[in-house]
Amino acid sequence: MGLIPLLGKKHVKDILLALDEHGTMNYGTLKKITKCPDGSLTRRLDELEEAGLVKSYEEESRYRLPQRMCEITELGRKALILYELDEKVCSLKKGQTLTCQIITGDNSIT
């Protein structure tokens, strides 16, 4: 699946924003913050991890079952820029234009 279709799926923006704002968190906390149902959250996290936007790992505990811990990746943070761009494009009034500069890692501008 391409990045743009994935970013358009329900709950993806909420998941990325929560992880960006709060940092690494366990599945239960992420579920509570995003209000995303269990099945949907698991599917979205798997899709986001496959795309490289999120990474997760199991955290062992002596007193309870392992927990799935999730965190946003650098690519995930860059993907959040697309949501900002979408908001700016949608807020343009008739006749207005939007100019963007993309500065790459080697400091070139496209």
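Just above, that's the structure.
Attention in this report is confined to the structure presented alongside it. (Residues numbered from 1 in each chain as written. Predicted model: local features only at pLDDT ≥ 70, side-chain atom pairs only at ≥ 80, totals over all residues. Heavy atoms only, no water.)

**Quick word on the environment of Lys 10**
Position of Lys 10 among the secondary structure elements: in the loop between helix H1 (3-7) and helix H2 (12-22). Judged by relative accessible area, which is 62%, Lys 10 ranks as exposed. For the pair Lys 10 and Glu 49, spaced 39 residues apart in sequence, the C-alpha separation works out to 16 Å. (Helix = DSSP H or I, 4+ residues; strand = E, 2+ residues; numbered from the N terminus. Buried < 20%, exposed > 50% of the residue type's maximum accessible area, 1.4 Å probe, protein only.)

**Quick word on the sheet that holds strand S2 (residues 54-59)**
Taken in spatial order, the three strands line up as S1-S3-S2 in an open sheet, and their pairing is antiparallel. Two strands close off the open sheet at either side, each with one partner strand: strand S1 (25-26) and S2. Packing of H2 onto the sheet brings it into contact with S1, S2 and strand S3 (67-72), and relative to S3 it is tilted by some 85°. (Pairing = 2+ DSSP bridges. Contact = heavy atoms within 4.5 Å. Axes fitted to C-alpha atoms, helices over the stretch in contact; angles between N-to-C directions.)

**Thoughts on the layout of surface pockets**
Estimates place the volume of the largest pocket at around 380 Å³. Contributing to the lining of the largest pocket are 14 residues, with Ile 81, Leu 82, Leu 85, Gln 101 and Ile 102 lying nearest its centre. The dominant element in the lining of the largest pocket, judged by the number of residues it contributes, is helix H5 (residues 74-90), at eight residues. Of the residues belonging to the lining of the largest pocket, the class tally is nine nonpolar, two polar and three charged. (1 Å grid on protein atoms, 1.4 Å probe; cavity = no way out; pocket = protein on both sides within 12 Å on 5 of 7 lines; lining within 4 Å. Points joined across faces, edges and corners; volume = space filled by probe spheres on them. Nonpolar A, V, L, I, M, F, W, Y, C, P; charged D, E, K, R; others polar.)

**Thoughts on unusual backbone geometry**
Within the chain, His 11 stands out as a residue other than glycine whose phi angle is a positive 80°. In this fold, His 11 is placed in the loop between H1 and H2.

**Concerning the pairing of S3**
Counting buried positions along S3 gives six out of six residues, so the element sits mostly inside the fold. The alternating pattern of S3 places Gln 67, Met 69 and Glu 71 and Arg 68, Cys 70 and Ile 72 on opposite faces, both of which are buried. As judged from the six bridges shared by S2 and S3, these two strands associate in the antiparallel manner. Pairing of Ser 56 across the sheet is with Cys 70, part of S3.

**A short note on the nonpolar core**
Here is a general trend for soluble globular proteins: nonpolar side chains tend to be buried in one another's company. The biggest cluster of nonpolar side chains holds 21 residues, and the ones touching the most others in it are Leu 16, Leu 19, Leu 30, Leu 45 and Leu 48. Looking at this core, the elements that each hand over two or more residues are H1, H2, helix H3 (27-34), helix H4 (38-50), S3 and H5. With five residues, the top contributor of residues to this core is H2. For Leu 16, the contacting residues outside a window of four places in its chain are Leu 7, Leu 48, Leu 53, Val 54, Ile 72, Leu 80 and Tyr 83. (Core = buried A, V, L, I, M, F, W, Y, C linked by side-chain atoms within 4.5 Å.)

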